[in-house]
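Here is how the chains run, residue by residue.
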Amino acid sequence: MANILVYIELAGDRPLPASLEALGVGRRIATRLGATNYALLPCASRPSYGDDDIITVLSRSGADKVVLVTHPKLAEAPLHASHGGAIATACGALPPTLVLFASTPGARDLAPRLAAQLAGVYMAEPGLALGPDGSLTLTRTTHGGHWTRTLRADDLERPAVLTLAPGRAPLGTGDEESEVVVLSPTAVGEGFDELGREVDAAAPLGHARVVVGGGAGLGAEALGVASDLARAFGGEAGVTLAAARKTSAASAERVIDATERRIAPRLYIACAASGSFSHLGAVGAETVVAINNDAQAPIFEIARYGLVADAREAAAAIRAALEKRD
Ligand SMILES: Cc1cc2nc3c(=O)[nH]c(=O)nc-3n(C[C@H](O)[C@H](O)[C@H](O)COP(=O)(O)OP(=O)(O)OC[C@H]3O[C@@H](n4cnc5c(N)ncnc54)[C@H](O)[C@@H]3O)c2cc1C
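These numbers come from a predicted model, not from an experiment.

### With respect to the packing of helix H5 (residues 222-233) against helix H10 (residues 311-325)
When two helices pack together, their arrangement is given by the angle between their axes and by how far apart the axes lie. Remark: H5 packs on H10, axes separated minimally by 10 Å, with the N-to-C direction vectors making an angle of 20°. With respect to their mutual orientation, H5 and H10 come out roughly parallel. Regarding H5 and H10, the two cross each other, and that crossing is left-handed. Contacts from Val225, Asp228, Leu229, Ala232 and Phe233 of H5 reach H10 at Arg312, Ala315, Ile318, Arg319 and Leu322. Class assignment of the residues belonging to the contact of H5 with H10 gives a composition of seven nonpolar, no polar and three charged.

### Some thoughts on the layout of surface pockets
Estimates place the volume of the second largest pocket at around 480 Å³. Lining the second largest pocket are 18 residues, with Glu125, Arg140, Ala258, Arg262 and Gly281 positioned closest to its centre. For the lining of the second largest pocket, the secondary-structure elements that each account for two or more residues are strand S7 (121-124), strand S9 (136-142) and helix H8 (277-280). Taken together, the residues of the lining of the second largest pocket sort by class into five nonpolar, eight polar and five charged.

### What to know about the packing of aromatic side chains
Enumeration over the complete set of coordinates arrives at one aromatic pair. Here Tyr7 and Phe101 contribute two aromatic rings whose centre-to-centre distance is 5.0 Å and whose plane-to-plane angle is 35°, an arrangement assigned as tilted. Of this pair, Tyr7 sits in strand S1 (residues 3-7) while Phe101 sits in strand S6 (residues 98-102); the two residues are 94 residues apart in sequence, bridging distant segments of the chain.

### Quick word on empty space enclosed by the protein
Within this structure, the stated rule accounts for one cavity of 30 Å³ or more. Along its surface, the largest cavity is lined by His80, Gly84, Ile87, Phe101, Leu110, Leu114 and Gln117. Of all the secondary structure elements, the ones that give two or more residues to the lining of the largest cavity are helix H3 (80-93) and helix H4 (105-117). By residue class, the composition of the lining of the largest cavity is four nonpolar, three polar and no charged.

### Considering H10
Between its first and last C-alpha, H10 extends 21 Å over 15 residues, near the 21 Å set by a 1.5 Å rise per residue. Of the residues making up H10, those classed as buried are Ala311, Ala314 and Ala315. End-on view of H10: buried residues confined to an arc of 100°, all on one side of the axis. More than 90 degrees from the buried face of H10, the exposed residues found are Glu313, Glu323 and Lys324.

### A few points about the site of the ligand
The local shell around the ligand holds 22 residues, among which Ala216, Thr240, Ala258, Ser274 and Asn292 are the closest. The side chain of Ser276 places a nitrogen or oxygen atom 2.8 Å from an oxygen atom of the ligand. Between a nitrogen atom of the ligand and a main-chain N or O atom of Ala311, the distance comes to 2.9 Å. Protein burial of the ligand: of its 990 Å² of free accessible surface, 66% is covered by the chains. Listed by contribution, the elements that provide at least two residues to the shell around the ligand are helix H6 (241-246), H8 and H10. For the shell around the ligand, the per-class residue count stands at nine nonpolar, nine polar and four charged.

### Focus on the sheet that holds S9
Sheet architecture is open: three strands sit in the order S8-S9-S10, paired in antiparallel fashion. Single-partner strands in this sheet number two, and they are strand S8 (127-130) and strand S10 (147-152). Averaged over all pairs of adjacent strands, the angle between their axes in this sheet comes to 20°, without regard to strand direction. Relative to S9, S8 runs antiparallel, the two being bridged by four bridges. Bridging from a neighbouring strand, Ala129 pairs with Thr137 of S9. Sheet contacts for helix H1 (residues 17-33): S8 and S9; angle to S8, the most-contacted strand, approximately 35°.

Rules used in this analysis
Residues numbered from 1 in each chain as written. Predicted model: local features only at pLDDT ≥ 70, side-chain atom pairs only at ≥ 80, totals over all residues. Heavy atoms only, no water. Axes fitted to C-alpha atoms, helices over the stretch in contact; angles between N-to-C directions. Helix = DSSP H or I, 4+ residues; strand = E, 2+ residues; numbered from the N terminus. Parallel < 35°, antiparallel > 145°, perpendicular 65-115°, else oblique. Left-handed = near helix turned anticlockwise from the far one by under 90°. Contact = heavy atoms within 4.5 Å. Nonpolar A, V, L, I, M, F, W, Y, C, P; charged D, E, K, R; others polar. 1 Å grid on protein atoms, 1.4 Å probe; cavity = no way out; pocket = protein on both sides within 12 Å on 5 of 7 lines; lining within 4 Å. Points joined across faces, edges and corners; volume = space filled by probe spheres on them. Phe/Tyr/Trp six-rings, centres within 6.5 Å; stacked < 30°, edge-to-face > 60°. Expected span 1.5 Å × (residues − 1). Buried < 20%, exposed > 50% of the residue type's maximum accessible area, 1.4 Å probe, protein only. Arc of directions from axis to C-beta. Near = heavy atom within 4 Å. Polar contact = N/O pair within 3.5 Å; in protein donor to acceptor, adjacent residues only side chain to side chain. Areas by Shrake-Rupley, 256 points an atom, 1.4 Å probe, with all protein chains shown as cover. Pairing = 2+ DSSP bridges.

See the structure below:
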């Protein structure tokens, strides 16, 4: 029977929402292909058991089995140098047909190297189609749309390693109790000398439930207006690339960026952002609310709710209304 391994990336001791989405994708493919969906959980020490523990969360999110690989080195950032060996151990024990990663900066370091190690196929963020005949087709358009690479699961004599864009797939469901397979890593990465580590203050943007984005229409105030409104929602603030260029170096860290900092919140409030193709490529939100003073702005084409208004005034009014409701 085919094995699907879904790499689970942790933020602290909780799985990233994008990894749970990838697990849901694995669940749907596994059900269709009659495969086993493994959640691959590399962590520094054995997770604790209890209500809502990580094993239960992974089981409920569609894992048939949880593969636990523990080693102190796995506390480090998820890169090939620290996590590559543990993932290779799991692939050796459970030869996969598919390995799925949520597309995070760490996964973009790990996935192509793993594909090379497995002599497999690597596809970044392919379209996935499950046919009624049980077939799985992977499609990736490259070179500005001039080439389309298509693979069918029947062609997959070699394992395929895929990264999946966050915010595009529903979560999976499963039983509360998965079998746990414990593996000791036979190798733990090559090791590297860490010269320093900086805290990434904008890291929570990637898994915030509410994100407010400040656009260039707010000029130098983009991050400030977005932060004030985000705070009222208990969310995080980001800016568009054009807004970051109009503001300080600090806001550059908070650019909602299609390559480095994608977001997949439940709610995205775009304040004075036009809705450019590049910006929206970084946003995989369930619900988009747009505030823009130009009724023709493209952002209104994808927004579920739109407000044609001055974004500063609208943000202040929304904050006041939220404060009134406590
Ligand atoms: C290769 C490449 C990659 C890129 N990648 C990214 C990326 O990853 N992320 C990203 O964000 N951008 C990216 N960009 C830039 C992108 O193309 C756009 O230029 C940018 O997203 C536009 O930002 P904006 O919507 O804030 O600004 P604008 O397009 O200038 O829009 C400003 C909007 O604010 C409105 N407005 C003005 N004043 C007010 C007001 N007072 N109240 C309400 N509305 C108001 C205007 O009507 C307008 O719609 C990339 C560009 C290139 C070339």
